[in-house]
Amino acid sequence: MVNIKQRLKQVLDQVHAAEEKYQRPRGSVKLLAVSKTWPLENIVEAAAAGQHCFGENYVQESISKIDNCTEKLEWHFIGHLQSNKSREIASRFDWVHSVDRLKLAKRLSKQRPGDMTPLNICLQVNIDNEPSKYGFLANEVAAVAKQISQLPNLKLRGLMAIPAPCDNFEQQRTTFHQIAALQQQLVDQEMELDTLSMGMSGDMEAAIAEGATIVRVGTAIFGPRNYPTP
Ligand SMILES: *Cc1c(COP(=O)(O)O)cnc(C)c1O
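Predicted model, so just to flag it, every value in this text is computed and none were measured.

(A) Broad picture of the packing of aromatic side chains. Taken as a whole and judged by the stated rule, the model has three aromatic pairs. With 6.4 Å between their ring centres and 25° between their planes, Trp38 and Phe222 make a pair best called stacked. Here Trp38 is found in the loop between strand 1 (30-34) and helix 2 (40-48), whereas its partner Phe222 is found in helix 9 (residues 219-222), with 184 residues between them in sequence. Each member of the pair Trp38 and Phe222 is classed as buried. Here the aromatic rings of Phe77 and Phe93 are separated by 5.4 Å at their centres, their planes lie at 85°, and the arrangement is edge-to-face. In this pair, Phe77 is assigned in strand 3 (residues 74-77) and Phe93 in the loop between helix 4 (86-90) and strand 4 (95-99), connecting sequence segments 16 residues apart.

(B) Up close: the pairing of strand 2 (residues 53-56). Judged by which residues are buried, strand 2 turns out to be covered on both faces: Cys53 and Gly55 on one side and Phe54 and Glu56 on the other are all buried. With two bridges connecting them, strand 1 and strand 2 associate as parallel partners. Within the sheet, the bridge partner assigned to Ala33 lies in strand 2 and is Phe54. For the crossover from strand 1 across helix 2 to strand 2, the handedness is right-handed. Pairing between strand 2 and strand 3: four bridges, direction parallel. Looking at the pairing, Glu56 lines up with Phe77 of strand 3.

Cut-offs used in this document
- Residues numbered from 1 in each chain as written.
- Predicted model: local features only at pLDDT ≥ 70, side-chain atom pairs only at ≥ 80, totals over all residues.
- Heavy atoms only, no water.
- Phe/Tyr/Trp six-rings, centres within 6.5 Å; stacked < 30°, edge-to-face > 60°.
- Helix = DSSP H or I, 4+ residues; strand = E, 2+ residues; numbered from the N terminus.
- Buried < 20%, exposed > 50% of the residue type's maximum accessible area, 1.4 Å probe, protein only.
- Pairing = 2+ DSSP bridges.
- Right-handed = clockwise from strand over helix to strand, strands pointing away.

The analysis is restricted to geometry; functional conclusions fall outside its scope.
Shown next as C-alpha cells:
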C-alpha cells in the first residue's frame, strides 16, 4: 500500500529543496498531483493531506471524479482533448494545459459558461519536434498565442511541454531551457504569461532549475500506474 500522505510530503520536500538550490522563491513552484487512473478515494486522501490541485488526462474518467467529488479542489486537464469532448471540459475544469490547436481554443472559449471565471490555458509545445506528438511546433507558437490571447473566455497563462523521456540531467535541462526561452520570447512581445507547466516525476528537478512554475507529478505521489500514458 502506498502511503499517499508520506509520498506527497516527500515530493513537496523535493520541490522546496529544488526551489532553494536554484534560487527560486519559496512557493514559486506549484505541485499538480496527476491522479489519472486512480480512484476518487485516492484524491480525497491527498486532499486531506493538504493537496489542492489535481491533474486528469481522460475525459470520461475525470468527469465522473469531478461530479462525485464533494471537496472544493482545483482541476487541471492535461491530456489530449478531442474537439467533440471539449464542452464537458470547458464547464468543469479550472485549467487546460494541453491546448494544441486553434480550433480547440476557439471551442473552449465559446463553451466556457458565462458565469464561470475565464478558463486558464497553456499552449502545449511539441518541443522535440516529434511528428507523432501533440502540440504546436516552436516556430508556430508566437502567432497562435497572439490569436488565442484574444479569445474572450480564456486566459492564456503560458506553455506546457512533455519532453521525450531522458535520464540525463543536463540534457533534461537543455530541453526545459528551450521551452523557457520560447516563453521568454512571448513575454518580450508584451504577452502577460506567468506559467511554465513542465517537469514530471522523472525530471522535476531539471524543470524547476529552468523555471517551471507547475510540475505535474503522478507516480511519485500515487505509485506506479497500471496502464501508462498513451
Ligand atoms: C501522466 C502524466 C504526468 C505524470 O507523470 P508521472 O511520470 O507519473 O509523474 C504528467 N504530465 C502529463 C501530461 C501526463 O500525462
